Amino acid sequence: MSVRSQTSVARISGITTCAVVGLVTVFGLQSVLAIDVKVSAEEAQKALEAGRVPMEKANTPEEVKKVLQQASMVTHVGAHPEKDPCGASAILRTKRYRLEAFGRQEAAESKKRKMDVRMPDEFIKKVVDMPNMEIEVQLCGDDEYFAEGVLIELQQGSKRIKPIDIGKAERGRKNEGSGPIYRSRFTALFAYETFDPTAASVFVINLQDGTEARIAADFSMVK
């Protein structure tokens, strides 16, 4: 499964939105028709396995790094991190995303302890019952405090959906290479009940200086 999206970024005062680091190749996942708001116990176990198996097969630090990079692209939307390293992008931390992360953790702990380690059922249930989807957006700009007071909303057609919470943007860190000097990131929570998990969508990001960035996200291509 690959996430297909297009990104349009308004560049004002040298501020652009920066991509999440990762690779475009995605492993061992079958395409689905939408973000899964409801995940059964059987589906949760399959998601855990989908995360666990590739990590079990990774035997070197380079192979582990590749697995983690590939995993970061499963729910990545926006600019391609290699083709447009300072384009708008985000990671959608869906229920399946978190369950697969649990699976990778199971594999890592199993190798460390030399025994099978599995997540407690209560941890899995907590993820399955989550009412909100968290997204993480990374931004680039020319001032280390450029992302303070950032706002975001989700647009689906004429519908405008506000997040239930926006995390404080990180203080900008020095950016390597050309382009904007600083990189920051922030998270936001959107209630599953407020948006259509099958729809083509756009995340609209507004900075305090009036800069706007848009991240197109086709939810029909995301688990």
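For the structure itself, look to the data block above.
Reference entry: report on the structure contained in this document. (Residues numbered from 1 in each chain as written. Predicted model: local features only at pLDDT ≥ 70, side-chain atom pairs only at ≥ 80, totals over all residues. Heavy atoms only, no water.)

### Quick notes on the packing of helix α1 (residues 41–57) against helix α2 (residues 61–73)
Right, so step 1: Running from N to C, α1 and α2 point in directions that differ by 160 degrees, and their axes come no closer than 9 Å. The angle between the axes of α1 and α2 places the two elements in the roughly antiparallel class. In the crossing of α1 with α2, the sense of the turn from one axis to the other is right-handed. Each of P54, M55 and K57 in α1 lies in contact with α2, whose residues at this interface are E63, V64, V67 and L68.
Right, so step 2: Among the residues making up the contact of α1 with α2, the classes are represented as five nonpolar, no polar and two charged. (Axes fitted to C-alpha atoms, helices over the stretch in contact; angles between N-to-C directions. Helix = DSSP H or I, 4+ residues; strand = E, 2+ residues; numbered from the N terminus. Parallel < 35°, antiparallel > 145°, perpendicular 65-115°, else oblique. Left-handed = near helix turned anticlockwise from the far one by under 90°. Contact = heavy atoms within 4.5 Å. Nonpolar A, V, L, I, M, F, W, Y, C, P; charged D, E, K, R; others polar.)

### Some thoughts on helix α3 (residues 95–113)
Right, so step 1: Its 19 residues place the ends of α3 27 Å apart at the C-alpha level, agreeing with the 27 Å of an ideal helix rising 1.5 Å per residue.
Right, so step 2: Within the sequence span of α3, burial applies to K95, R96, Y97, L99, E100, F102, G103, R104, E106, A107 and S110.
Right, so step 3: Packed against the buried residues of α3 are α1, α2, β3 (89–93) and α4 (121–128).
Right, so step 4: Directly after α3, the chain includes K114, whose backbone phi takes a positive value near 60 degrees. (Expected span 1.5 Å × (residues − 1). Buried < 20%, exposed > 50% of the residue type's maximum accessible area, 1.4 Å probe, protein only.)

### Points about the pairing of strand β4 (residues 132–141)
Right, so step 1: Across the 10 residues that make up β4, a large majority, 10, are buried.
Right, so step 2: With 10 bridges connecting them, β4 and strand β9 (residues 182–191) associate as antiparallel partners. Its bridge partner being in β9, G141 is matched across the sheet by Y182. (Pairing = 2+ DSSP bridges.)

### What about the side chain of H76?
Right, so step 1: Looking at where H76 falls in the secondary structure, it is placed in strand β2 (residues 76–78).
Right, so step 2: For H76, a relative accessible area of 3% corresponds to the buried category.
Right, so step 3: Within polar-contact distance, the side chain of H76 engages the backbone oxygen of A79 at 3.4 Å. (Polar contact = N/O pair within 3.5 Å; in protein donor to acceptor, adjacent residues only side chain to side chain.)

### Some thoughts on the pattern of salt bridges
Right, so step 1: Evaluated as defined, the whole model comprises 17 salt bridges.
Right, so step 2: Note that R171 is salt-bridged to E144, the shortest N-O span being 2.8 Å. Separated by 27 residues along the polypeptide, R171 in the loop between β7 (165–166) and β8 (173–174) and E144 in the loop between β4 and β5 (151–156) bring together distant segments of the chain.
Right, so step 3: On the accessibility criterion, R171 (51% relative accessible area) is exposed. (Salt bridge = Lys/Arg side-chain N within 4 Å of Asp/Glu carboxyl O.)

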